[in-house]
Amino acid sequence: MRSKQRKVLAAIPTNEAEGQLRVAGLMRYASTRANWDLRIVNSRTQFNDAGVDMLLEEGIDGCILAAYTPSVEKILARRIPTIITLENIHEQIGPHPNCISILMDNQEIGRLAAEHFKSIGRFSSYAFVPAPPKIPWSLERKAAFFEAADKRAAQFEFPETDIELVNMTGEG
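Source: prediction; values computed, not measured.

Peer 1: Can you break down helix H6 (residues 136–149) residue by residue, with the values?
Peer 2: Spanning 14 residues, H6 covers 20 Å between terminal C-alpha atoms, matching the ideal 20 Å at 1.5 Å per step. Listed in full, the buried residues belonging to H6 are Ser 138, Arg 141, Lys 142, Ala 144, Phe 145, Phe 146, Ala 148 and Ala 149.

The structure is reproduced here in structure tokens:
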């Protein structure tokens, strides 16, 4: 007997490689689940009140979110099973029934990056380009990177510079 088809919303921006890889992985997983009707919203500009309202009217059985807008509160208020893959968003929204957050181990990510460069063995210096503007996860990775890099890293200065970013994705 075939199980009921489940409508699953995936809000995953695909303007960068990370989001594209997430969608590819989700598609591979969903292809093994014949009962998923997967709805992918791949732009933060499409993940808005009107779009979420329309999907809620149609009915959503579950959500996988790598984007946050105030519309998420509507989903959470309905207690729709939700997975949120945004760094530290769980602190902002607080606990909700049927909602889990997947968190990154930023210290381990920074440490592993340094270990990788050390294993190659041909670098005399290291650099780290943080995500502006001083985003906590980026600062945690930076600290762990330089702590693990090697004793030479302690000799470097890390000036805090203002980097002006240009958004070429068309998204706000």
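Additional details are given in the paragraphs that follow.
Peer 1: I'd like a rundown of the pairing of strand S1 (residues 6–11), residues and numbers included.
Peer 2: Relative to strand S2 (residues 36–41), S1 runs parallel, the two being bridged by 6 bridges. Across the sheet, the residue bridging to Ala 10 is Ile 40, located in S2. Handedness of the crossover joining S1 and S2 through helix H1 (residues 17–31) is recorded here as right-handed. Looking at chain direction, S1 and strand S3 (residues 62–65) are connected through 4 bridges and run parallel. The residue bridging Val 8 from the neighbouring strand is Gly 62, located in S3.

Peer 1: How would you summarise the sheet that holds S3 if you had to cite specific residues and measurements?
Peer 2: What the 5 strands build is an open sheet, ordered S2-S1-S3-S4-S5; its pairing is parallel. Each having just a single partner strand, S2 and strand S5 (99–101) make up the two edges of the open sheet. On average, each strand axis in the sheet is inclined to that of its neighbour by 15°, with strand direction left out of account.

Peer 1: Run through the pairing of S3, naming residues and quoting values.
Peer 2: The two faces of S3 match: Gly 62 and Ile 64 on one face and Cys 63 and Leu 65 on the other face are all buried. In the sheet, S3 pairs with strand S4 (residues 82–84) via 3 bridges, with the strands oriented parallel. Bridge pairing links Ile 64 to Ile 83 in S4. Each parallel crossover has a hand, and the one from S3 via helix H3 (residues 71–77) to S4 is right-handed.

Peer 1: Account for the packing of aromatic side chains, naming residues and giving values.
Peer 2: Enumeration according to the criterion identifies 3 aromatic pairs in this entry. With 6.3 Å between their ring centres and 80° between their planes, Phe 117 and Phe 145 make a pair best called edge-to-face. With Phe 117 in helix H5 (residues 106–120) and Phe 145 in helix H6, this pair connects stretches of sequence that are 28 residues apart. Using a relative accessible area of 2% as the deciding quantity, one classes Phe 145 as buried. Members of the aromatic cluster, joined through ring pairs, are Phe 117, Phe 145 and Phe 146.

Peer 1: Outline the nonpolar core, listing residues and values.
Peer 2: Grouped together as the largest cluster of nonpolar side chains are 20 residues, with contacts concentrated most on Leu 9, Phe 47, Ile 60, Cys 63, Leu 65, Ile 75 and Ile 84. For this core, the secondary-structure elements that each account for two or more residues are S1, helix H2 (49–58), S3, H3 and helix H4 (89–93). Other than its neighbours up to four places away in sequence, Leu 65 contacts Leu 9, Ala 11, Phe 47, Val 72, Thr 82, Ile 83, Ile 84, Thr 85 and Leu 86. Judged by nonpolar contacts, the second largest core, of 7 residues, contains Ile 12, Val 23, Ile 64 and Ala 66.

Scoring rules and cut-offs
As a convention, each chain's residues are numbered from 1 in the sequence order in which they are written. This being a predicted model, a pLDDT of at least 70 is required before a residue's local features are given, and a value of 80 or more before pairs of side-chain atoms are given or counted; all residues contribute to the totals for chains, interfaces and linings. Hydrogens and waters are ignored; side-chain quantities use all the structure's heavy atoms. Strands here mean DSSP runs of E at least two residues long; helices mean DSSP runs of H or I at least four residues long; both are numbered from the N terminus. Expected span, for any helix, means 1.5 Å times one less than how many residues it has. Note on exposure labels: buried denotes an accessible area under 20% of the residue type's maximum, exposed denotes more than 50%, and partly exposed covers the range between, all computed with a 1.4 Å probe on protein chains only. Pairing between strands is defined by DSSP: at least two bridges between the two strands are required. With its strands directed away from the observer, a crossover is right-handed exactly when the path from the first strand over the helix to the second travels clockwise. Convention adopted: a line fitted to C-alpha atoms gives each axis, helices being fitted over their contacting stretch, and angles between N-to-C directions are expressed from 0 to 180 degrees. Centres within 6.5 Å are what make two rings of Phe, Tyr or Trp a pair, Trp counting through its six-membered ring; a difference in plane orientation under 30 degrees is then read as stacked, over 60 as edge-to-face, and the rest as tilted. As used here, the term nonpolar core means buried Ala, Val, Leu, Ile, Met, Phe, Trp, Tyr and Cys residues forming a set that is joined through side-chain atoms within 4.5 Å. Every residue pair with non-hydrogen atoms within 4.5 Å of one another is taken to be in contact.

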